[in-house]
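The lines below spell out each chain.
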Amino acid sequence: MRFGVIAAVAVGFAVLAAPALAEGDAKKGAKVFRKCKACHVVDEEKNKVGPHLVGIIDRPVATVDGFKYSNAMVEFGSDGKVWDIETLTLYLKKPKDLVKGTNMAFAGVRKDADMENLITYLQDPSAAE
(Lines give C-alpha, C1' and ligand atoms only; values in the text may rest on other atoms or scores of the structure.)
Protein backbone atom coordinates (compact mmCIF):
# COMPACT_ATOMS: atom_id res chain seq x y z
CA MET A 1 0.00 0.00 0.00
CA ARG A 2 2.68 2.49 1.03
CA PHE A 3 4.73 1.72 -2.10
CA GLY A 4 1.70 2.38 -4.31
CA VAL A 5 1.16 5.80 -2.77
CA ILE A 6 4.83 6.69 -3.13
CA ALA A 7 4.83 5.51 -6.75
CA ALA A 8 1.70 7.55 -7.52
CA VAL A 9 3.23 10.67 -5.98
CA ALA A 10 6.48 10.11 -7.91
CA VAL A 11 4.57 9.77 -11.19
CA GLY A 12 2.63 12.94 -10.37
CA PHE A 13 5.83 14.90 -9.81
CA ALA A 14 7.35 13.50 -13.00
CA VAL A 15 4.34 14.71 -14.98
CA LEU A 16 4.57 18.15 -13.40
CA ALA A 17 8.30 18.34 -14.09
CA ALA A 18 7.95 17.36 -17.74
CA PRO A 19 8.14 20.22 -20.22
CA ALA A 20 4.76 21.54 -21.27
CA LEU A 21 3.84 20.69 -24.82
CA ALA A 22 1.41 22.67 -26.88
CA GLU A 23 -1.42 20.57 -28.24
CA GLY A 24 -1.97 22.37 -31.51
CA ASP A 25 -1.47 21.29 -35.10
CA ALA A 26 2.06 21.85 -36.45
CA LYS A 27 0.85 21.98 -40.07
CA LYS A 28 -1.59 24.74 -39.21
CA GLY A 29 1.16 26.38 -37.18
CA ALA A 30 3.40 26.44 -40.25
CA LYS A 31 0.69 28.43 -42.02
CA VAL A 32 0.50 30.88 -39.11
CA PHE A 33 4.30 31.15 -39.21
CA ARG A 34 4.09 32.59 -42.74
CA LYS A 35 3.44 35.94 -41.01
CA CYS A 36 6.83 35.58 -39.31
CA LYS A 37 8.93 34.35 -42.26
CA ALA A 38 9.96 37.80 -43.46
CA CYS A 39 11.99 38.25 -40.27
CA HIS A 40 12.61 34.78 -38.77
CA VAL A 41 13.60 31.24 -39.74
CA VAL A 42 12.96 28.05 -37.78
CA ASP A 43 14.94 25.49 -39.75
CA GLU A 44 18.48 26.89 -39.64
CA GLU A 45 20.55 29.02 -37.30
CA LYS A 46 20.53 32.03 -39.60
CA ASN A 47 19.53 35.47 -38.37
CA LYS A 48 17.47 37.76 -40.54
CA VAL A 49 15.79 40.98 -39.40
CA GLY A 50 14.98 38.98 -36.27
CA PRO A 51 16.91 36.16 -34.61
CA HIS A 52 16.51 32.57 -35.78
CA LEU A 53 13.96 30.58 -33.84
CA VAL A 54 15.70 27.20 -33.85
CA GLY A 55 15.25 25.82 -30.34
CA ILE A 56 13.30 28.88 -29.16
CA ILE A 57 11.29 26.92 -26.56
CA ASP A 58 13.11 27.16 -23.21
CA ARG A 59 15.97 29.20 -24.71
CA PRO A 60 17.14 32.12 -22.57
CA VAL A 61 15.83 35.47 -23.84
CA ALA A 62 18.15 37.57 -26.04
CA THR A 63 20.90 34.96 -26.37
CA VAL A 64 21.24 34.12 -30.07
CA ASP A 65 24.86 34.61 -31.08
CA GLY A 66 25.42 37.28 -33.68
CA PHE A 67 22.05 38.98 -33.28
CA LYS A 68 21.85 42.59 -32.07
CA TYR A 69 18.90 42.77 -29.70
CA SER A 70 17.18 45.98 -28.66
CA ASN A 71 18.11 47.36 -25.26
CA ALA A 72 14.53 46.61 -24.18
CA MET A 73 14.85 42.91 -25.06
CA VAL A 74 18.25 42.63 -23.37
CA GLU A 75 16.79 44.23 -20.24
CA PHE A 76 13.74 41.93 -20.39
CA GLY A 77 16.01 38.88 -20.38
CA SER A 78 18.57 40.22 -17.92
CA ASP A 79 17.08 38.34 -14.96
CA GLY A 80 17.40 34.95 -16.67
CA LYS A 81 13.98 34.69 -18.34
CA VAL A 82 13.55 31.93 -20.88
CA TRP A 83 11.14 31.62 -23.77
CA ASP A 84 8.95 29.00 -22.15
CA ILE A 85 5.50 28.43 -23.63
CA GLU A 86 3.79 30.84 -21.25
CA THR A 87 6.24 33.72 -21.80
CA LEU A 88 6.38 33.18 -25.56
CA THR A 89 2.58 33.13 -25.74
CA LEU A 90 2.31 36.39 -23.81
CA TYR A 91 4.94 37.98 -26.03
CA LEU A 92 3.46 36.81 -29.32
CA LYS A 93 -0.02 38.01 -28.36
CA LYS A 94 1.19 41.62 -28.01
CA PRO A 95 4.98 41.99 -28.26
CA LYS A 96 5.08 45.69 -27.43
CA ASP A 97 2.91 45.20 -24.34
CA LEU A 98 5.24 42.63 -22.78
CA VAL A 99 8.54 44.19 -23.88
CA LYS A 100 8.13 47.94 -24.07
CA GLY A 101 10.60 49.25 -26.64
CA THR A 102 11.11 45.97 -28.53
CA ASN A 103 12.12 46.35 -32.16
CA MET A 104 9.65 43.66 -33.22
CA ALA A 105 7.05 45.38 -35.38
CA PHE A 106 4.62 42.45 -35.40
CA ALA A 107 1.24 43.40 -33.90
CA GLY A 108 0.55 39.96 -32.43
CA VAL A 109 -1.30 36.68 -32.82
CA ARG A 110 -4.94 37.31 -31.96
CA LYS A 111 -6.62 33.89 -32.16
CA ASP A 112 -5.95 31.35 -29.41
CA ALA A 113 -6.09 28.45 -31.90
CA ASP A 114 -3.50 30.17 -34.11
CA MET A 115 -1.26 30.65 -31.08
CA GLU A 116 -1.58 27.01 -30.02
CA ASN A 117 -0.75 25.87 -33.54
CA LEU A 118 2.17 28.29 -33.86
CA ILE A 119 3.69 27.20 -30.54
CA THR A 120 3.32 23.55 -31.58
CA TYR A 121 5.12 24.33 -34.83
CA LEU A 122 7.92 26.22 -33.07
CA GLN A 123 8.44 23.25 -30.74
CA ASP A 124 9.02 20.94 -33.71
CA PRO A 125 8.93 22.46 -37.20
CA SER A 126 9.63 19.06 -38.77
CA ALA A 127 6.23 17.87 -37.50
CA ALA A 128 4.61 20.04 -40.16
CA GLU A 129 6.19 18.06 -43.00
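Description of the structure in this document. Note that the structure is predicted; figures quoted are calculated from it, not measured. (Residues numbered from 1 in each chain as written. Predicted model: local features only at pLDDT ≥ 70, side-chain atom pairs only at ≥ 80, totals over all residues. Heavy atoms only, no water.)

Focus on helix α4 (residues 85–93)
Buried residues of α4: I85, T87, L88, T89, Y91 and L92, and no others. Residues of α4 that are buried in the fold lie against α3 (71–77), α5 (95–98) and α6 (112–123). (Buried < 20%, exposed > 50% of the residue type's maximum accessible area, 1.4 Å probe, protein only. Helix = DSSP H or I, 4+ residues; strand = E, 2+ residues; numbered from the N terminus. Contact = heavy atoms within 4.5 Å.)

Some remarks on the nonpolar core
Core analysis: the largest hydrophobic core is formed by 29 residues, its most contacted members being F33, M73, W83, L88, L92 and L122. When contributions to this core are tallied by element, the ones reaching two or more residues are α2 (26–33), α3, α4 and α6. Per-element tally for this core: the top contributor is α6, with five residues. Once residues within four sequence positions are removed from consideration, M73 is found in contact with V61, A62, W83, Y91, V99 and T102. (Core = buried A, V, L, I, M, F, W, Y, C linked by side-chain atoms within 4.5 Å.)

Examining the packing of α4 against α6
When two helices pack together, their arrangement is given by the angle between the helix axes and the distance between those axes. The contact between α4 and α6 brings their axes to 11 Å, and the two run at 130°. One finds that α4 runs oblique with respect to α6. As α4 packs across α6, the resulting crossing turns out to be right-handed. Contacts from I85, L88, T89, L92 and K93 of α4 reach α6 at D112, M115, L118, I119, L122 and Q123. In the contact of α4 with α6, the residues fall into seven nonpolar, two polar and two charged. (Axes fitted to C-alpha atoms, helices over the stretch in contact; angles between N-to-C directions. Parallel < 35°, antiparallel > 145°, perpendicular 65-115°, else oblique. Left-handed = near helix turned anticlockwise from the far one by under 90°. Nonpolar A, V, L, I, M, F, W, Y, C, P; charged D, E, K, R; others polar.)

Let's talk about the pattern of salt bridges
Side chains that differ in charge, positive against negative, can pair when their charged atoms come close. Within this structure, the stated rule accounts for two salt bridges. The partner of D79 in a salt bridge is K81, with the nearest N and O atoms 3.1 Å apart. Given the relative accessible area of 29%, K81 is considered partly exposed. In this structure, D112 engages K93 in a salt bridge whose closest nitrogen and oxygen atoms are separated by 2.7 Å. (Salt bridge = Lys/Arg side-chain N within 4 Å of Asp/Glu carboxyl O.)

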